[in-house]
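Secondary and tertiary structure notes
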Amino acid sequence: MLLAFSVAPSGTPADGTRPGDASVHDAVAAAVKIVRDSGLPHQTDSMFTTIEGEWDEVFDVVKRATEAVGQFGSRVSLVIKADIRPGYTGELKAKVERLEKALSDGS
């Protein structure tokens, strides 16, 4: 399974603090650290983090990342998109490689 997710806090954190600007980079960093520490294949870009693994392990990481972001606000927005293709692994890179090949072949 490939799962792309984006998670961001909103509102005032439970401890009443509020950052000086609207940036959520500290919250996103907390989520990405959990992804990286998971050991699962992953890729982060400016909008999403994509993780590859089995259903339960991927959703466990997303849950823990969401909980970490929750410490930065009173609400959390979570967007998920999944590609569930049993029997396939290595698709994090393989899908892009097939795309690049198709582009270079002029397809």
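Residues numbered from 1 in each chain as written. Predicted model: local features only at pLDDT ≥ 70, side-chain atom pairs only at ≥ 80, totals over all residues. Heavy atoms only, no water.

With that settled, consider the side chain of Thr49. Along the chain, the position of Thr49 falls in strand S3 (residues 49–52). Ignoring anything within four residues of it in the chain, the contact list for Thr49 reads Leu3, Ala4, Phe5, Val32, Val35, Gln43 and Thr44. (Helix = DSSP H or I, 4+ residues; strand = E, 2+ residues; numbered from the N terminus. Contact = heavy atoms within 4.5 Å.)

Moving on to the confidence of the model for the chain. Averaged over the chain, the pLDDT score is 92; the fraction of residues at 70 or greater is 91%. Of all the helices and strands in the chain, helix H3 (residues 91–104) carries the lowest mean pLDDT, 95, while S3 carries the highest, 98. (pLDDT = per-residue confidence, 0-100.)

Right, let's get into the nonpolar core. Counting 16 residues, the largest nonpolar core has Leu3, Phe5, Ile51, Val58 and Val61 as the members making the most contacts within it. If one sorts the elements of this core by residue count, helix H2 (residues 55–70) sits on top with six residues. Not counting residues up to four positions away in its chain, the partners in contact with Val61 are Ile34, Val35, Ser38, Leu40 and Ile51. (Core = buried A, V, L, I, M, F, W, Y, C linked by side-chain atoms within 4.5 Å. Buried < 20%, exposed > 50% of the residue type's maximum accessible area, 1.4 Å probe, protein only.)

Further remarks concern the pairing of S3. Residues Thr49 and Ile51 line one face of S3 and the alternating positions Thr50 and Glu52 line the opposite face, and both faces are buried. Two strands pair when backbone bridges link them, and strand S2 (residues 42–44) and S3 are joined in this way by three bridges, in the antiparallel orientation. Residue pairing in the sheet places Thr44 in a bridge with Thr49 of S3. In this structure, the hairpin formed by S2 and S3 is closed by a connection of four residues. (Pairing = 2+ DSSP bridges.)

Attention now goes to the sheet that holds S3. Strand order in the open sheet formed by four strands is S2-S3-S1-S4, and the pairing between neighbours is antiparallel. Here the strands that pair on one side only, and so sit at the sheet edges, are S2 and strand S4 (75–83). Geometrically, the sheet is characterised by an average inter-axis angle of 20 degrees between neighbouring strands, direction not taken into account. Inspection of the sheet shows strand S1 (residues 2–10) paired to S3 by four bridges, in the antiparallel sense. Residue pairing for S3: Ala4 is matched across the bridge by Thr50. (Axes fitted to C-alpha atoms, helices over the stretch in contact; angles between N-to-C directions.)

Of note, Phe72 is situated in the loop between H2 and S4. Residue Phe72 is classed as partly exposed on the basis of its relative accessible area, which comes to 33%. Between the C-alpha atoms of Phe72 and Val32, which are 40 residues apart in sequence, the distance is 14 Å. Apart from the residues within four sequence positions on either side, Phe72 is in contact with Pro9, Gly11, Pro13, Asp26, Ala27 and Ala30.

A separate point is empty space enclosed by the protein. Where empty space is left becomes clear once a probe the size of a water molecule has been rolled over the atoms. A full pass over the atoms with the stated rule returns one cavity of 30 Å³ or more. For the largest cavity, the calculated volume is near 50 Å³. Along its surface, the largest cavity is lined by Met1, Leu2, Glu52, Asp83, Ile84, Arg85, Tyr88 and Glu91. Considering only residue class, the lining of the largest cavity consists of four nonpolar, no polar and four charged. (1 Å grid on protein atoms, 1.4 Å probe; cavity = no way out; pocket = protein on both sides within 12 Å on 5 of 7 lines; lining within 4 Å. Points joined across faces, edges and corners; volume = space filled by probe spheres on them. Nonpolar A, V, L, I, M, F, W, Y, C, P; charged D, E, K, R; others polar.)

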